[in-house]
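Single-letter residue listing:
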Amino acid sequence: MSKEDDARLDQKVRAAWMYYIAGQNQSEIATLLGTSRPVVQRLIAAAKEEGIVSIGLHHPVANCLDYAQLLQEKYQLHECNIVPVYSEDSLLDSVAFGCYQVMSRFLRADTPKIIGIGSGFTLKKTIQRIDFNCKNARCVALISAMDENGQCNYYDDVPLLLARKLEAKYSQWPAPRYAQTNDEHAMWCSSRLFNNVSELANLSDVIFVGVGPLGEQSPIYKDGFINRAQLDELTTLGSVGEILGRFIDADGNVVNSEINQLITSYDIRNNPCPRIGVACGDYKRPAILAALKGGWVNGLVTDEHTARWLLTR
């Protein structure tokens, strides 16, 4: 394909994505693409005629395809889906749709699947898009949404929501997110129930997790799982983010802190299956890079700006 043909394809798929996925009207698309409304109409019509669009989008934006391939090579990824970005308002929806594309490919396979699932708003928006069942699947939560007092945050229904959508069996993570003492941690993590769910997590065929940043706006702090003193300590120790509640530094190493010794969540490095990290936005980029460098994830769904940034690191 010539560069000119590639550019035309890029414009057609961008216009189709903005129209069908981001929900923008043709005038808005024309402004963003720097062209006219009649041209946008022709781009969308051509995308439909060429089979790029039917119910969903079957061809990624050309630049995003290039970024995905380069990221797979650079970070040795099993899976990589890069989605286009047109505005901050549509960023989360675009990435959630990109994750839905990957998730549905695994779930629609003929063989039964065990799906390990984390928490977070992006994963929740992804699962809300699911419009099919997979009754032979099993869903296993990899982290608790429960604090030391038994209170749950409003992301706590992510694994249950997936199970409900798929009409599948569901295993809850049987411990609070953080124990309060080393003895309590040993008690939780040595119970029969904990070991049973951990073994199921070890058998996961695919894992989907969010990648969390560290700061005053990070959900793990805002939801009260860590306090201000712990946040300051983790920042001083060089933490840039967290994976399933484990705080990691810029190289993806687990930070040597008390809170990391008290986490009960599943360590996804124990499972060689595809481990898909789902995250977007510039404030999450250091954490995403750390997750890749540390081998926490071997798959990624993110936006094209973050992909371009990752390729320069």
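Residues numbered from 1 in each chain as written. Predicted model: local features only at pLDDT ≥ 70, side-chain atom pairs only at ≥ 80, totals over all residues. Heavy atoms only, no water.

Draft legend 1. The arrangement of the overall build of the protein in detail. Counting its secondary structure elements, the protein contains 14 helices and ten strands. The C-alpha atoms of the protein give 20 Å as radius of gyration, which agrees with the globular expectation for 313 residues (20 Å, within 12%). A principal-axis box enclosing the C-alpha atoms of the protein has dimensions of 70 × 45 × 35 Å. Counting only residues that meet the buried cut, the protein has 54% of its 313 residues in that class. Of all intrachain contacts in the protein linking residues separated by at least 6 positions in sequence, the fraction that spans at least 24 positions is 69%. Carbon and sulfur atoms make up 47% of the accessible area of the protein, which totals about 14,400 Å². Counting 31 positive and 36 negative side-chain charges, the protein places the centres of these two groups 5 Å from one another. (Helix = DSSP H or I, 4+ residues; strand = E, 2+ residues; numbered from the N terminus. Rg over C-alpha atoms; globule rule 2.2 N^0.38 Å. Buried < 20%, exposed > 50% of the residue type's maximum accessible area, 1.4 Å probe, protein only. Contact = heavy atoms within 4.5 Å. Areas by Shrake-Rupley, 256 points an atom, 1.4 Å probe, with all protein chains shown as cover. Lys, Arg positive; Asp, Glu negative; His and termini not counted. Charge placed at Lys NZ, Arg CZ, Asp CG, Glu CD.)

Draft legend 2. Quick peek at unusual backbone geometry. Even without a glycine there, the phi angle at glutamine 76 is positive, about 55°. Tracing the chain through its elements places glutamine 76 in the loop between helix H4 (62-75) and strand S1 (79-83). The class for glutamine 76 is exposed, based on a relative accessible area of 63%.

Draft legend 3. Broad picture of the pairing of strand S5 (residues 206-210). Among the five residues in S5, four count as buried, and that is most of the element. Pairing between strand S2 (residues 114-117) and S5: three bridges, direction parallel. Bridge pairing in S5 links isoleucine 117 to phenylalanine 208. Sheet analysis places S5 next to strand S9 (residues 275-278), joined by four bridges and oriented parallel. (Pairing = 2+ DSSP bridges.)

Draft legend 4. View of the pairing of strand S8 (residues 246-249). For strand S7 (residues 239-243) and S8, the ladder comprises four bridges, and the chain directions are antiparallel. Following the sheet pairing, glycine 241 is matched in S8 by isoleucine 248. If you look at the hairpin formed by S7 and S8, you'll find two residues sitting between the two strands, and leucine 244 has a positive phi there, around 50°.

Draft legend 5. Broad picture of the pattern of salt bridges. Following the criterion strictly, the structure yields twelve salt bridges and no others. For lysine 135, the salt bridge identified is with glutamate 167, shortest N-O distance 3.4 Å. Within this pair, whereas lysine 135 is found in the loop between helix H6 (121-128) and strand S3 (138-141), its partner glutamate 167 is found in the loop between helix H7 (158-166) and strand S4 (169-171), the two being separated by 32 residues in sequence. With a closest N to O distance of 3.1 Å, aspartate 232 and arginine 228 form a salt bridge. Placement of the pair is aspartate 232 and arginine 228 together in helix H11 (residues 228-236), with a separation of four residues, close to one helical turn. (Salt bridge = Lys/Arg side-chain N within 4 Å of Asp/Glu carboxyl O.)

Draft legend 6. H11, seen in detail. The residue sitting at the N-terminus of H11 and contributing the capping side-chain oxygen is asparagine 227; that oxygen lies 3.2 Å from the backbone nitrogen of alanine 229. Residue glycine 238 follows H11 closely and has a positive phi angle near 95°. (Polar contact = N/O pair within 3.5 Å; in protein donor to acceptor, adjacent residues only side chain to side chain.)

Functional significance is not addressed by these values, which are geometric in nature.
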